Amino acid sequence: MVPNKDEDSIPHADHLTVFFASQTGNAESISRNIYEQAQERGFKAAHYVLNDFAKVDWDKEECLVFVVSTTGDGDPPDNSTKFWRHLRKLKGVGLTKAKYAVLGLGDTNYDNFCQTAKRLDTRLQELGATPFYARGLADDATGLEETVDPWIKNLWPALAHQVICTPAVHDLPQPHLTPEEEKIVKSLIGKGTDPGQLPPSTSLKTSSELELNLNEKADINTLSSGMSTLSVSVPAKEKDSMAPFAKYRIVVDFSSMSNHSSLTGLPRVPNANLKITEGDSTTASGSKATSRPIPSFIQTPTPLINAKINSVQCLTATDALKRTLSVEFGFEDDVDYSPGDAFGIWAPNNESLVRGVLEALAVDEHDQNKNIKFEGEGIPSHLQPVKSASLLEVFRYSVDLTSVPKKANIRLYADHATDMTEKQQLMFLASKQGSDQFNAFRAQTPTFLDILHTFPSIKIPVARVIETLPPLQPRYYSITSSPLAKNGHRRWSCAFNVVTYILPEGVNRRGVCTPWLDELAGLVPFGKAISEGLEKTVIPIFLKPNETKFNLPTDTTRPIIMIGPGTGVAPFMGFLEHRSEQRKIKKRLMNIGPRSQQQLDDLFGEMWLFFGCRHREKDWLFKEQMETYKEEGILTELHVAVSREENIPNSGKYVQDLIKKESKRLWDLLDKKGALIYVCGDAKGMAKGVHDELIDILVTNGGFEKTAAMLELNKWAQEKRYLRDLWA
Ligand SMILES: Cc1cc2nc3c(=O)[nH]c(=O)nc-3n(C[C@H](O)[C@H](O)[C@H](O)COP(=O)(O)O)c2cc1C
């Protein structure tokens, strides 16, 4: 990546401002890293979330760095929506003073790769701003680091031409190693013969180009004895145990470590900003997870609702590949919403995982329950609302203990490992040379507890853990019910697969939210709907209105084509219930008798549903409801694809096969009656397959050239006639 630098340009901006927009925390931590490094290098810098855009005077800003991710179906993260609304309203070229650089985070498995970064780049130029450095687009599918590391490395010389640096630290030769790291290197190359106990360092600051010289192979070999393979030592009891979150040792083959004489590309360790001090002495909650109140520090984009489970039904057979539940949540106050909206559930981390981690961090029961507060500059945004809470609550609700660790965290844990072998292994995992091992490590999706168990000498202060773990995220589910139904404003239903799986190593893994709900609802068997005797645990939920108009059209005569295999059918069950209620209302209001069905049908457009399952008897979700809607004429056409059964008449393997079969009739519906298309579900395989099939319909039936068909579909997407609600 070559910076757009003008060799002769003289820096004149007195500071740079780093903005981020982040849904799950990656862009926030990367932008913080840039901000901290900028300061260390002598640049004056500020750091803001994009929604705080009004805190700076944009007319005067001369150097801006943006780190933005993309979420949904090419959408900007929630913490930047206010900024985007503002940006859309701006007119003219008011940003001519500003020079900027954009780093985008995305995933090439999605159609709209790094859409936010690309849109931002275009919009900034329209407003008169000029890029001073090439745009970076990092891909989560291959590893963000591949782009992020070189982008940051080359940012500094580019910045030096924009922003005054006092003192010009970036010009000074950087010492490669801090004294502490010097010690590690010495022991790695065999000068410190006792590899045992190094004091953990809390203040290591290394550049991203940090290089550890491991150039004395023989000594490395000596030191690496006994570390060639970390054996799978899952005790039989743990393996068999039903206890969630048994701790596992991660299996990594370190035997090739001694082939490397140096380690490069080690990420920088994030600064230590957070201090934990004693909070007020009231309200500490050590109570059982089932009965405790929801902590006030949970911040949700719409008001938090205390809900309870009204009923639960298991939609899949015991031998189905996935276990799918339909759950209805009830609450006291009416909430306005539309079918197509979703709601978030703020599920806590598994209680035994939380306790295990706190124990491994040597936090005793008393300290777990003591109220604390956070102090310090640059507290991560998700921790700022924590004014006074117990450590237990913070670990339950604020930090993500199960997502795959980033290299920067591994590097941090290396700093705090007191055993030399573990320190070396962790350093190796975080380095460029250890990429294969890091990938093997990631593939085992280690929890934070697994890391502490695999490297038991890590002695890390709790504050460092809290500020460097990613924020715990709410989980989102489409609403499958209608506000028009009985008590519709005081209940939301959803359908989800329970996320549990077993790794090839025999390790049990589980998601945060769905197994929790499954257990709370009593692990109901197939087919059974339970609404009595459910545990009345308070579940924190909140509405997430659909921002992309994935709702029923206001014109009820407009036909709609709904494509949603598996749990992708969820919002469409809401659409169907809503339409059923709309028909009942119209029938009542217009006094339509049973013989005048046609009169009623004329008021409502056709509804076509394309659904997909593996086996009709095992995982045809909502089968009865779909068939009833069909019988009642609410659902005009029902097409069910079945992927694991052979020779089913009038069917196909996947929804896209059925779309192909109905190509001609679908084109008529689209062309003559202006039908809307809705797609919900997996972004990778299904959405892409359906998209290609739609292009084909336009080409085969509509007479479009392929490129023109693609453009036409894009136009439909912009006009909100082709709507998609996709997930990873
Ligand atoms: C639900 C979801 C939707 C996503 N949608 C897109 C997308 O449309 N385009 C894209 O390039 N990346 C997409 N991504 C990938 C994220 O942008 C990527 O994982 C990024 O590292 C997240 O950064 P953040 O933690 O700062 O939000 C999506 C990720 C998730 C979880």
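Not measured: the values here are computed from a predicted model.

**Looking at the overall build of the chain**
Phase 1: When helices and strands are tallied, the chain shows 24 helices and 25 strands.
Phase 2: For the chain, the proportion of contacts with a sequence separation of at least 24, taken over those separated by at least 6, is 79%.

**Section: helix α1 (residues 26-40)**
Phase 1: In this model α1 runs 21 Å from its N-terminal to its C-terminal C-alpha over 15 residues, within 8% of the 21 Å that 1.5 Å per residue would give.
Phase 2: Within α1, 11 of the 15 residues are buried, leaving the element largely enclosed by the surrounding structure.
Phase 3: The complete set of buried residues in α1 reads Ala27, Glu28, Ser29, Ile30, Ser31, Arg32, Asn33, Ile34, Tyr35, Gln37 and Ala38.
Phase 4: Looking at the packing, one finds that the buried side of α1 touches β1 (16-21), β2 (45-49), β3 (63-69), β4 (99-106) and α4 (145-160).

**Notes on the packing of helix α11 (residues 407-415) against helix α12 (residues 420-430)**
Phase 1: Put simply, α11 and α12 touch, their axes get as near as 8 Å, and they point 160° apart. Taken together, the axes of α11 and α12 are roughly antiparallel relative to one another. As for the relative orientation of α11 and α12, their crossing is left-handed in sense. The residues of α12 that touch α11, namely those facing Lys407, Ile410, Arg411, Tyr413 and Ala414, are Lys423, Leu426, Met427, Leu429 and Ala430.
Phase 2: Classifying every residue of the contact of α11 with α12 gives 7 nonpolar, no polar and 3 charged.

**Concerning the nonpolar core**
Soluble globular proteins tend to pack their nonpolar side chains together in the buried interior.
Phase 1: Ranked by size, the top nonpolar core spans 128 residues in total, and within it Val357, Ile561, Met562 and Tyr678 carry the most contacts.
Phase 2: In this view, valine 357 contacts Phe395, Leu401, Phe448, Leu449 and Leu452; residues no more than four positions away in its chain are not counted.

**Examining the site of the ligand**
Phase 1: With respect to spatial proximity, 25 residues lie near the ligand, and among them Ser22, Thr24, Ala27, Ser69 and Gly106 are the closest.
Phase 2: At the level of elements, α1 and β4 are the ones that each hand at least two residues to the shell around the ligand.
Phase 3: Along the lines of polarity and charge, the residues of the shell around the ligand split into 9 nonpolar, 13 polar and 3 charged.

**A look at the confidence of the model for the chain**
Phase 1: Averaged over every residue, the pLDDT of the chain is 86; residues scoring 70 or more account for 86%.
Phase 2: Every residue in residues 1-8 is under pLDDT 50, and counting partners more than four places away or in other chains gives 19 contacts.
Phase 3: Note that residues 188-244 has pLDDT below 50 and, in this model, 117 contacts with residues that lie over four places away or in other chains.

**Concerning the UniProt feature "domain: Flavodoxin-like" (unreviewed entry) in the chain**
Phase 1: In this numbering, the UniProt entry assigns the feature "domain: Flavodoxin-like" (unreviewed entry) to residues 16-156.
Phase 2: As annotated, residues 16-156 comprises 34% helix and 23% strand, and the C-alpha atoms at either end are separated by 12 Å.

**Re the environment of threonine 402**
Phase 1: Among the secondary structure elements, threonine 402 is positioned in the loop between α10 (391-397) and α11.
Phase 2: A tally of 20 C-beta atoms within 10 Å means that threonine 402 is categorised as buried.
Phase 3: Along the sequence, threonine 402 and leucine 469 sit 67 residues apart, while their C-alpha atoms lie 9.7 Å from each other.
Phase 4: Setting aside anything within four residues of it in sequence, one finds threonine 402 in contact with Thr447 and Val512.

**Focus on the sheet that holds strand β25 (residues 722-727)**
Strand-to-strand pairing in sheets goes through backbone hydrogen bonds, with the strands running parallel or antiparallel.
Phase 1: On the basis of which strands lie adjacent, the open sheet formed by 5 strands has the order β23-β22-β21-β24-β25 and parallel pairing. Each edge of the open sheet carries a strand with a single partner, namely β23 (637-642) and β25. Strand after strand, the sheet turns through a mean of 10° between neighbouring axes, direction not considered.
Phase 2: Where strand β22 (residues 607-613) lies against β23, 6 bridges are found, and the strand directions are parallel. Within β23, the position partnered with cysteine 613 by the bridge is valine 642.
Phase 3: Taken strand by strand, helix α17 (residues 570-589) contacts β21 (560-563), β22, β24 (676-682) and β25, and its axis lies near 145° from that of β22.

**Overview of the sheet that holds strand β9 (residues 275-278)**
Phase 1: Strand order in this open sheet of 3 strands is β9-β13-β14, and the pairing throughout is antiparallel. Two strands in the sheet have a free side with no partner beyond their single neighbour: β9 and β14 (389-390).
Phase 2: As defined by bridge partners, β9 adjoins strand β13 (residues 371-375) across 4 bridges and the pair is classed as antiparallel. Its bridge partner being in β13, glutamate 278 is matched across the sheet by isoleucine 372.

**Quick word on the pairing of β13**
Phase 1: Burial along β13 is one-sided: Ile372 and Phe374 are buried, while Asn371, Lys373 and Glu375, pointing the other way, are not.
Phase 2: Across 2 bridges, β13 lies against β14 in antiparallel orientation. Residue asparagine 371 lies in a different strand from β14, and its bridge partner there is serine 390.

**Details of the UniProt feature "domain: FAD-binding FR-type" (unreviewed entry) in the chain**
Phase 1: According to UniProt, the positions carrying the feature "domain: FAD-binding FR-type" (unreviewed entry) are residues 302-553.
Phase 2: Helix makes up 29% of residues 302-553 and strand 21%. Its end C-alpha atoms lie 24 Å apart.

**Quick word on the pairing of β2**
Phase 1: Residue alternation in β2 divides its side chains into a buried set, Ala45, His47 and Val49, and an unburied set, Ala46 and Tyr48.
Phase 2: Both β1 and β2 contribute to a ladder of 5 bridges, which runs parallel. Residue pairing for β2: valine 18 is matched across the bridge by histidine 47.
Phase 3: Where the polypeptide runs from β1 across α1 and back to β2, its parallel neighbour, the crossover connection is right-handed.

Thresholds applied
- Residues numbered from 1 in each chain as written.
- Predicted model: local features only at pLDDT ≥ 70, side-chain atom pairs only at ≥ 80, totals over all residues.
- Helix = DSSP H or I, 4+ residues; strand = E, 2+ residues; numbered from the N terminus.
- Contact = placed C-beta atoms within 7 Å.
- Expected span 1.5 Å × (residues − 1).
- Buried ≥ 20, exposed ≤ 12 C-beta atoms within 10 Å, placed from the backbone.
- Axes fitted to C-alpha atoms, helices over the stretch in contact; angles between N-to-C directions.
- Parallel < 35°, antiparallel > 145°, perpendicular 65-115°, else oblique.
- Left-handed = near helix turned anticlockwise from the far one by under 90°.
- Nonpolar A, V, L, I, M, F, W, Y, C, P; charged D, E, K, R; others polar.
- Core = buried A, V, L, I, M, F, W, Y, C linked by C-beta atoms within 7 Å.
- Near = placed C-beta within 6 Å.
- pLDDT = per-residue confidence, 0-100.
- UniProt positions renumbered as here; feature names shortened; annotations may be inferred.
- Pairing = 2+ DSSP bridges.
- Right-handed = clockwise from strand over helix to strand, strands pointing away.

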